[in-house]
Amino acid sequence: MTDEAFEIRPVTDFDWVKVDQFMRKFMNNHRADFLRDHGDWKHRGHANRYVVAHKSTGEMAGYFACTPIELLINDVPQSAVWLMDLFVLPEFRGRGLQRLTDAVGRELNDIQVAFPNPLASGIHRKHGWGVREDYRVVMLPLRPNELPHIERLTGWKRILARSAAIMAEPAFMAYRAWMRRQTGATKLTNPDADHMAAVFNSQNSTWVTVNRTSDYLRWRYLDCPYREQLSFYHYDNDIVMVTRTYNRRNGTRITRILDIFGNLANQNGVAMLIRAAVQEAIREKSAYITALVTNELWHRELKRQGFLLGTVSRFRWISRDPALMQAIENGPCHWCLADSDNDTLD
């Protein structure tokens, strides 16, 4: 049962300083700073950001955003919303506030999609969401001695891991030198949204994925606040890839494959683009490079290029249409790190 003492209100109803202070209760300062400065861009307008508040006192209990997006399901455009940054403070959990946030999403659009945290998966199933736990974020280490995973260890485990990383460094040096060989991919120095949309539209696929229209590509990449950190590559005007290289909060430099689209059945083209991303990471002295895999075609090529380490990435969705629920359940789906908020996790 939903606690009727609470309601959903637009974030614009509240003082921005208080909203910023509230958000720092459940997210790190880096992420809170980003949403304070760029939340309007991230969610395609402040009108798509919401606060769960007590009706009488106005006390903030939770926060979430519903970012409008268009999906392509069996080659048919379908409007949807990405549910992002959903959080309810611990003292307000167990009071049915999930139903309130679900109701807002349903009012905005029948199709809602999200990448939830592990704790929320069971709750979402109980509320009728489909949940997949077979997706992975895979990683290719390039400078093992700089991996943040070692820093998180303690005692003898950290000593052993550090020693192993030092011993492995000569092999990684040889790998970095070998990966500098020529690739058939070309870097786009002046990426054009219309051109990239044409590459996406040239595919003939029944995949479930984000519809990469010119407007979407312009908003998501060309007008984003970290544009200078992005690189764009293409292979024979058949496939486009977008990468991001930057420093994490702990100072570790990393590269992420944010997006790849077009004719992913072109195995040679995909391999050349992965190699171009790895070459960029090597030039930028990144400690590692990551990508999200949600289908075997993309995963197979990444594994061939050495992306063998990984962690589970959960995905959830809901719709009143059983056929749409089944389409996303059965796939194949192609989600990337640029979808939802996966490119700004740190």
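Just so you know, the residues in each chain are numbered from 1, in the order the chain's sequence is written. Residues qualify for local features only when their pLDDT is at least 70, as the model is predicted, and side-chain atom pairs are given and counted only at 80 or more; totals for whole chains, interfaces and linings, by contrast, use all residues. Hydrogens and water are ignored here; the side-chain numbers use all heavy atoms of the structure.

**Q** So what exactly am I meant to see when it comes to the overall build of the protein chain here?
**A** Labels follow the DSSP assignment, with helices taken as runs of H or I lasting at least four residues and strands as runs of E lasting at least two, numbered in each case from the N terminus. Along the protein chain, the regular secondary structure elements total 11 helices and 14 strands. Taken over C-alpha atoms, the radius of gyration is set against a globule rule of 2.2 Å times the number of residues to the power 0.38. Over its C-alpha atoms the protein chain spans a radius of gyration of 21 Å, differing by no more than 12% from the 20 Å that the globule rule assigns to 346 residues. With the C-alpha coordinates aligned to their principal axes, the bounding extent of the protein chain is approximately 65 × 55 × 35 Å. Split into buried and exposed, the 346 residues of the protein chain put 55% on the buried side. Any two residues whose heavy atoms approach within 4.5 Å at even a single point are treated as in contact. Intrachain contacts of the protein chain at a sequence separation of at least 6 include 72% that bridge at least 24 residues. For the protein chain, the computed accessible surface area is about 15,500 Å², with 51% contributed by carbon and sulfur atoms. Within the protein chain, the 40 negative side-chain charges are centred at a point lying 7 Å from the centre of the 45 positive side-chain charges. Throughout, exposure labels follow a simple rule: accessible area from a 1.4 Å probe, protein chains only, divided by the maximum for the residue type, with under 20% read as buried, over 50% as exposed, and the rest as partly exposed. Computed with the Shrake-Rupley method and a 1.4 Å probe, the accessible areas treat only the protein chains shown as cover for residues. For the charge count, each Lys or Arg is scored as positive and each Asp or Glu as negative, with His and the chain ends excluded. We put the charge of a Lys on NZ, of an Arg on CZ, of an Asp on CG and of a Glu on CD.

**Q** For this particular structure, what's the right way to read the side chain of asparagine 211?
**A** Considering the arrangement of structural elements, one finds asparagine 211 in the loop between β8 (208–210) and α8 (214–222). On the basis of relative accessible area, asparagine 211 is assigned to the buried category, the value being 8%. The term polar contact refers here to a pair of N or O atoms within 3.5 Å; inside protein, the definition further demands a hydrogen-donor-capable atom paired with an acceptor-capable atom, and it admits residues adjacent in sequence only when both atoms are side-chain atoms. Within the structure, asparagine 211 has its side chain in polar contact with the side chain of glutamate 70 (distance 2.5 Å). The residues contacting asparagine 211, other than those within four sequence positions of it, are Glu70, Leu71, Leu72, Pro77, Phe200 and Tyr216.

**Q** Sorry, what's going on with the pattern of salt bridges here?
**A** Pairing is possible between side chains that carry opposite charge, provided their charged atoms lie close to one another. Note on definitions: salt bridges are taken to be side-chain nitrogens of Lys or Arg within 4 Å of carboxyl oxygens of Asp or Glu. All told, the structure shown has 14 salt bridges when counted by the stated rule. Here aspartate 20 and arginine 24 are joined by a salt bridge, their closest N and O atoms 3.0 Å apart. In this structure, the salt-bridge partner of aspartate 134 is arginine 132, at a minimum N-O distance of 2.7 Å. Residue aspartate 134 is classed as partly exposed on the basis of its relative accessible area of 48%. Through salt bridges that share partners, Asp20, Arg24, Asp33, Arg36 and Asp37 make up one connected network.

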